[in-house]
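Examining the three-dimensional arrangement
Chain residues, written in single-letter form:
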Amino acid sequence: MSSTPESLLDLVPVVPVVVLDDLDAAVPVARALVAGGLPVIELTLRTPVALDAIRAIADEVPEITIGAGTVVEPHQAKEAASAGASFLVSPGATPTLLGAMRDTGLPFLPGTATVSEVLAALEHGCTELKFFPAEQSGGAAFLQSISSVVPAARFCPTGGITAASAPTYLALPNVGCVGGSWITPADAVRAGAWERISDLAGEAAALATA
Ligand code: 3PG
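Keep in mind that this is a model prediction, so the values were computed, not measured.

Our next topic: the overall build of the protein chain. Looking only at helices and strands, the protein chain has nine helices and nine strands in total. Against the 2.2 N^0.38 benchmark of 17 Å for 210 residues, the protein chain shows a C-alpha radius of gyration of 16 Å, consistent with a compact globule. The dimensions of the protein chain, computed from C-alpha atoms along their principal axes, are 45 × 35 × 25 Å. Counting all 210 residues of the protein chain, 47% fall into the buried class. Taking the intrachain contacts of the protein chain between residues at least 6 apart in sequence as the baseline, contacts between residues at least 24 apart amount to 64%.

In structure tokens, the structure reads:
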């Protein structure tokens, strides 16, 4: 099983967000990311195979830090933890969802998109947050403008970010890393194009953070 990270935002510059339809692709995708230099994966709980995929990766690719993404219902937090997830990510947050994620004992990134949501998360003791959907919610300009207002909050912006736009986010003082699905394109996963995924991971791993 992979180890629990101390700070989710400082592991890698880009967290690959992966939507998997085919359980058989889980381990090869994880190995391709590790080979490219990105030993972190956020496996989204959006498909029926997601929990089994987390289980397979946690068992067979111990060198990757695996997290569960798209945690939207409280029961999913415990299920993901039981499957072997080392961290949790939610697109938004309610007090119930925050409590369920905290109860797992795992580090987690609650989703926020407004200043009020950031303040609510800070009130719950969460200082590392997801900003989602980043591009649609004001992008890097939004994060820059709130950095002096809520300096305690640090973000992993996700949603609509590309290899081209990632550097602008990563240059911000309140951004630790970004998340994105561009490293594991659906067509590459379907085709088993693991080298292409490794190459994309390598490019992302080389991006500099502030
Ligand atoms: C997420 O779950 O964080 C997003 O769906 C990833 O967004 P992207 O597919 O636009 O990168």
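Right, picking up where we left off after that structure.
The next subject is the pairing of strand β2 (residues 40-44). For a regular strand, side-chain orientation follows a simple rule: the groups alternate between the two sheet faces. Extensive coverage of β2 is indicated by the burial of four of its five residues. Sheet analysis places strand β1 (residues 14-18) next to β2, joined by two bridges and oriented parallel. Looking across to β2, one finds that V18 is bridged to L43. Bridging between β2 and strand β3 (residues 65-69) involves five bridges; their strand directions are parallel. Its bridge partner being in β3, T44 is matched across the sheet by G69. Following the chain from β2 across helix α2 (residues 50-60) to the adjacent parallel β3, one finds a crossover that is right-handed.

Right, let's talk about the nonpolar core for a bit. In a soluble, globular protein the nonpolar side chains are often hidden away together inside. Within the largest apolar cluster, 71 residues are counted, with the highest numbers of intra-cluster contacts made by I54, I57, A80 and L88. A per-element tally of this core places α2 first, with six residues.

Right, let's get into the sheet that holds strand β7 (residues 128-131). Through backbone hydrogen bonds, the strands of a sheet pair up, either in parallel or in antiparallel fashion. In spatial order, the strands read β6-β7-β8; together these three strands make up an open sheet with parallel pairing. Across the chains shown, the open sheet's two edge strands, defined by having one partner strand only, are β6 (111-112) and β8 (154-157). In the sheet, β7 pairs with β8 via four bridges, with the strands oriented parallel. Note on β8: the bridge partner recorded for K130 is C156.

As summarised here, the arrangement of the six strands in space is β5-β4-β3-β2-β1-β9, forming an open sheet in which the pairing is parallel. Each end of this open sheet is capped by a strand with a single partner; those strands are β5 (108-109) and β9 (178-180). Across the sheet, α2 is in contact with β2 and β3; its angle to β2 comes to roughly 160°.

This part covers the site of the ligand. The immediate surroundings of the ligand are formed by V17, T44, G69, T70, F132, T158, G159, G160, I161, G179, G180 and S181. Class assignment for the residues of the shell around the ligand results in three nonpolar, nine polar and no charged.

By the secondary structure assignment, A141 is in helix α6 (residues 139-146). Distance in space between the C-alpha atoms of A141 and V40 is 27 Å, their sequence separation being 101 residues.

Moving on, we come to the packing of helix α1 (residues 26-36) against α2. The interhelical angle for the contact between α1 and α2, taken along N-to-C directions, is 50°, at an axis separation of 9 Å. Taken as axis vectors, α1 and α2 run oblique relative to one another. Relative to α2, the crossing made by α1 is right-handed. When α1 is examined against α2, the residues A26, V27 and A30 are found in contact with a partner set consisting of A53, A56, I57 and E60.

On β8, burial covers both faces: R154 and C156 on one face and F155 and P157 on the other are all buried. Taken together, β7, α6 and β8 form a β-α-β motif whose crossover is right-handed.

About the thresholds
- Residues numbered from 1 in each chain as written.
- Predicted model: local features only at pLDDT ≥ 70, side-chain atom pairs only at ≥ 80, totals over all residues.
- Helix = DSSP H or I, 4+ residues; strand = E, 2+ residues; numbered from the N terminus.
- Rg over C-alpha atoms; globule rule 2.2 N^0.38 Å.
- Buried ≥ 20, exposed ≤ 12 C-beta atoms within 10 Å, placed from the backbone.
- Contact = placed C-beta atoms within 7 Å.
- Pairing = 2+ DSSP bridges.
- Right-handed = clockwise from strand over helix to strand, strands pointing away.
- Core = buried A, V, L, I, M, F, W, Y, C linked by C-beta atoms within 7 Å.
- Axes fitted to C-alpha atoms, helices over the stretch in contact; angles between N-to-C directions.
- Near = placed C-beta within 6 Å.
- Nonpolar A, V, L, I, M, F, W, Y, C, P; charged D, E, K, R; others polar.
- Parallel < 35°, antiparallel > 145°, perpendicular 65-115°, else oblique.
- Left-handed = near helix turned anticlockwise from the far one by under 90°.

Honestly, it's all geometry; don't read function into it.
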